[in-house]
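Fold and geometry: a report
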Amino acid sequence: GLFDKPSPAKRQFSGKTQLIGSEAHRKVAKQAVRESLVLLKNKANLLPLSPKQKFLIAGDAANNIGKQSGGWTITWQGTNNQNSDFPGGSSIFDGFAEQITAAGGQIELNEKGLFTEQPDVAIVVFGEEPYAEGQGDRDHLAYQASHKSDLALLKRLKAQGIPVVSLFISGRPMWVNAELNASDAFVAAWLPGSEGKAVAEVILKDGENQIQYDFTGKLSFSWPRTPEQTVNRFDKDYQPLLPYGFGLRYGDKNTLPDNLAEDF
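**A few points about the sheet that holds strand β5 (residues 164–169)**
- Here six strands make up an open sheet; going across it, the order is β1-β6-β5-β4-β2-β3 and the pairing mixed. The outermost strands of the open sheet, each flanked by one partner alone, are β1 (38–42) and β3 (106–109). Taking each pair of neighbouring strands and ignoring which way they run, the sheet shows an average axis angle of 20°.
- The pairing of β1 with strand β6 (residues 185–190) spans four bridges and is classified as antiparallel. Within β6, the residue paired with Leu 39 across the bridge is Val 187.

This is how it looks when you write it as structure tokens:
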């Protein structure tokens, strides 16, 4: 029936650019963010977090709407974008700042993980740089194989006795065993796009210490056990690190150990 419809120029909403970014559309986008987050690790049920604590928000993706949106965003590869290029959009940091401040907690943003006062918990947002066709091709799935700068940040915070929550930005599963080991909680946040504010609605409790939204996201890919593993459900020899459909909810027993193999 495609050719029975009016041409795009004659359809109901054609040319009504004022609808782009409408609150109704953002509401759906925020729902998609909340429901797509996948909780891979939650040691000692660290999450969800009370917003009344002292927070450090770190990592180069914490306040970067372009990075959390990925490729094919404004530019071909999704690179060289600034937050101001996303009118009405919100970074992941924006959501935490709004809720923590409203609840009476304290929050400090520092990409490199430096702080003026020891935080109760650190939320580190990091992951792949934006890419589109060609530029995103890889020989293996090891994250930051040659320069482990994000891992160094996680380890430095953990060495200071600070609980670490990792929010991992990516368009695909990556081999992140070392980063998983260095995190108390680890969330596959994928590419939340312009509505990063919704991430905090799952990670944080409300001002009355009640869960706002539980995790419901499940892995739509098998998570690799090794950097060069090709693994898909229904394989005859199926040995992923985490299987298709995996995803913890609040209160579930943590299944990932703290000593995953890091050799590559």
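**Notes on the side chain of Ser 166**
- Inspection of the secondary structure assignment puts Ser 166 in strand β5.
- A polar contact of 2.7 Å, which involves the side chain of Ser 166, links it to the side chain of Ser 183.
- Excluding residues within four positions of it along the chain, Ser 166 makes contact with Val 124, Phe 126, Leu 154, Ser 183, Ala 185, Phe 186 and Val 187.

**Overview of the layout of surface pockets**
- Within this model, the largest pocket holds a volume of roughly 330 Å³.
- Forming the boundary of the largest pocket are 23 residues, of which Gly 127, Glu 129, Tyr 143, Gln 144 and His 147 lie nearest the centre.
- No other element matches helix α4 (residues 149–159), which puts three residues into the lining of the largest pocket.
- Among the residues making up the lining of the largest pocket, the classes are represented as six nonpolar, seven polar and ten charged.
- Estimated volume of the second largest pocket: approximately 250 Å³.
- Lining the second largest pocket are 15 residues, and of these Leu 141, Ser 222, Gln 229, Val 231 and Asn 232 sit closest to its centre.
- For the lining of the second largest pocket, the residue count by class is seven nonpolar, five polar and three charged.

**Examining the pattern of salt bridges**
- On inspection of all chains with the given rule, the structure shows twelve salt bridges.
- With a closest N to O distance of 2.9 Å, Lys 41 and Asp 258 form a salt bridge. Taken as a pair, Lys 41 in strand β1 and Asp 258 in the segment after α6 (198–203) lie far apart in primary sequence, 217 residues in all.
- The structure contains a network of salt bridges with shared partners spanning Lys 41, Lys 43 and Asp 258.

**A word on the nonpolar core**
- Residues Leu 47, Phe 96, Leu 167 and Trp 223 are the most contacted members of the largest nonpolar core, which totals 62 residues.
- Residues in contact with Phe 96, not counting those within four places in the same chain, are Ile 57, Thr 101, Ile 107, Ile 123, Leu 167, Val 199, Ala 200, Ile 203 and Leu 204.

**Thoughts on the side chain of Ser 50**
- Along the chain, the position of Ser 50 falls in the loop between β1 and β2 (54–58).
- Judged by its relative accessible area of 19%, Ser 50 falls in the buried class.

**Looking at the packing of aromatic side chains**
- As enumerated under the stated definition, the model contains seven aromatic pairs in all.
- Ring geometry for Phe 126 and Phe 168: centres 5.5 Å apart, planes at 55°, overall tilted. Linking Phe 126 in strand β4 (residues 121–127) with Phe 168 in strand β5, this pair joins segments that are 42 residues apart in sequence. One exposure class covers both Phe 126 and Phe 168, and it is buried.
- Between Tyr 143 and Phe 168 the ring centres are 5.1 Å apart and the planes differ by 85°, which places this aromatic pair in the edge-to-face class. In this pair, Tyr 143 sits in the loop between β4 and α4 while Phe 168 sits in strand β5, placing the two residues 25 residues apart along the sequence.

**Some remarks on the environment of Asp 206**
- When you line up the elements, Asp 206 lands in the segment after α6.
- The exposure class of Asp 206 is partly exposed, given its relative accessible area of 26%.
- In the structure, Asp 206 is positioned 79 residues away from Gly 127 in sequence and 27 Å away in space, judged by C-alpha atoms.
- If near-sequence neighbours (up to four positions away) are discounted, Asp 206 is found in contact with Pro 51 and Gln 212.
- A polar contact is formed between the side chain of Asp 206 and the backbone nitrogen of Glu 208, at a distance of 2.8 Å.

Conventions used here
Residues numbered from 1 in each chain as written. Predicted model: local features only at pLDDT ≥ 70, side-chain atom pairs only at ≥ 80, totals over all residues. Heavy atoms only, no water. Pairing = 2+ DSSP bridges. Helix = DSSP H or I, 4+ residues; strand = E, 2+ residues; numbered from the N terminus. Axes fitted to C-alpha atoms, helices over the stretch in contact; angles between N-to-C directions. Polar contact = N/O pair within 3.5 Å; in protein donor to acceptor, adjacent residues only side chain to side chain. Contact = heavy atoms within 4.5 Å. 1 Å grid on protein atoms, 1.4 Å probe; cavity = no way out; pocket = protein on both sides within 12 Å on 5 of 7 lines; lining within 4 Å. Points joined across faces, edges and corners; volume = space filled by probe spheres on them. Nonpolar A, V, L, I, M, F, W, Y, C, P; charged D, E, K, R; others polar. Salt bridge = Lys/Arg side-chain N within 4 Å of Asp/Glu carboxyl O. Core = buried A, V, L, I, M, F, W, Y, C linked by side-chain atoms within 4.5 Å. Buried < 20%, exposed > 50% of the residue type's maximum accessible area, 1.4 Å probe, protein only. Phe/Tyr/Trp six-rings, centres within 6.5 Å; stacked < 30°, edge-to-face > 60°.

That's the geometry; what it means functionally is another story.
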